[in-house]
Amino acid sequence: VDKRIYPGKTSGEICREVDSIHIDVDPSHVIIHSGTNNLPSDSVESCVSKTENLALKIRNKFRTSKIGISSLTHREDINVSTKLSEANEKLKEMSSRNNFHFIDNLHIGGSCLNGGKLHLSSKGSAYLATSFIKFLRPSTNKARCPQGFHAPLR
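Residues numbered from 1 in each chain as written. Predicted model: local features only at pLDDT ≥ 70, side-chain atom pairs only at ≥ 80, totals over all residues. Heavy atoms only, no water.

1. Topic: the overall build of the protein chain
Scanning the protein chain from N- to C-terminus turns up 4 helices and 3 strands. The linear arrangement of helices and strands in the protein chain, starting from the amino end, is α-β-α-β-α-β-α. By residue count, 36% of the 154 residues in the protein chain fall in the buried class. Residue pairs in contact within the protein chain that sit at least 24 positions apart in sequence constitute 69% of those at least 6 positions apart. In the structure as shown, the protein chain presents an accessible area of about 9200 Å², 50% of it carried by carbon and sulfur atoms. (Helix = DSSP H or I, 4+ residues; strand = E, 2+ residues; numbered from the N terminus. Buried < 20%, exposed > 50% of the residue type's maximum accessible area, 1.4 Å probe, protein only. Contact = heavy atoms within 4.5 Å. Areas by Shrake-Rupley, 256 points an atom, 1.4 Å probe, with all protein chains shown as cover.)

2. Brief notes about helix α4 (residues 122-136)
If you check α4, its first and last C-alpha atoms are 21 Å apart, about what 15 residues at 1.5 Å a residue would give, namely 21 Å. Along α4, the positions that sit buried rather than exposed are Gly124, Leu128, Thr130, Ser131, Phe132 and Phe135. The inward-facing, buried residues of α4 abut β1 (29-32), β2 (66-70) and β3 (101-103). (Expected span 1.5 Å × (residues − 1).)

3. With respect to the side chain of Ser95
With respect to the secondary-structure elements, Ser95 resides in helix α3 (residues 81-97). Those residues in contact with Ser95 that lie beyond four places of it in its chain are Ile69, Phe100 and Phe102.

4. A short note on the pattern of salt bridges
Inspection of the entire model under this criterion finds 6 salt bridges. Note that Asp42 is salt-bridged to Lys50, the shortest N-O span being 3.0 Å. For Asp42, a relative accessible area of 11% gives the class buried. Across the pair Glu52 and Arg97 runs a salt bridge whose closest N-O atoms are separated by 3.4 Å. Highlighted residues: Glu52 in helix α2 (residues 44-61) and Arg97 in helix α3, separated in sequence by 45 residues. Note on Glu52: relative accessible area 16%, which makes it buried. By relative accessible area, which is 57% here, Arg97 ends up exposed. (Salt bridge = Lys/Arg side-chain N within 4 Å of Asp/Glu carboxyl O.)

Any link to function would need more than the numbers given here.
In structure tokens form, the structure reads like this:
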């Protein structure tokens, strides 16, 4: 596992960082969880386009990797709920069009946010991790799930 984080950066800013990633072997999976920081200033179309550009750049760099597009998670620090829902629908369409896997985080709501109403709480982080694990370990691999791992969230 090689985790890259870019706190506070937009999808376009993260896209510029991809060239500096140097690893010896293509990862089996890459999860893109970005775009929330685009919502306050970008249109829905621009937000989705920038995430698509990022994903295509990653696909070009890591040709054998399975790409997962994580949907934008709920936030309440500013009023962008309509924009967020529309962006997630368009991200889902974009994922399908480009043969990316769409990771749906609709189950992560307001009760999963910390006091600032932007970042996820421990509960929200656990739900997000579960979504990522489902992408990394599809239901056909249930035998590989560690003991005590709970059923998928619905």
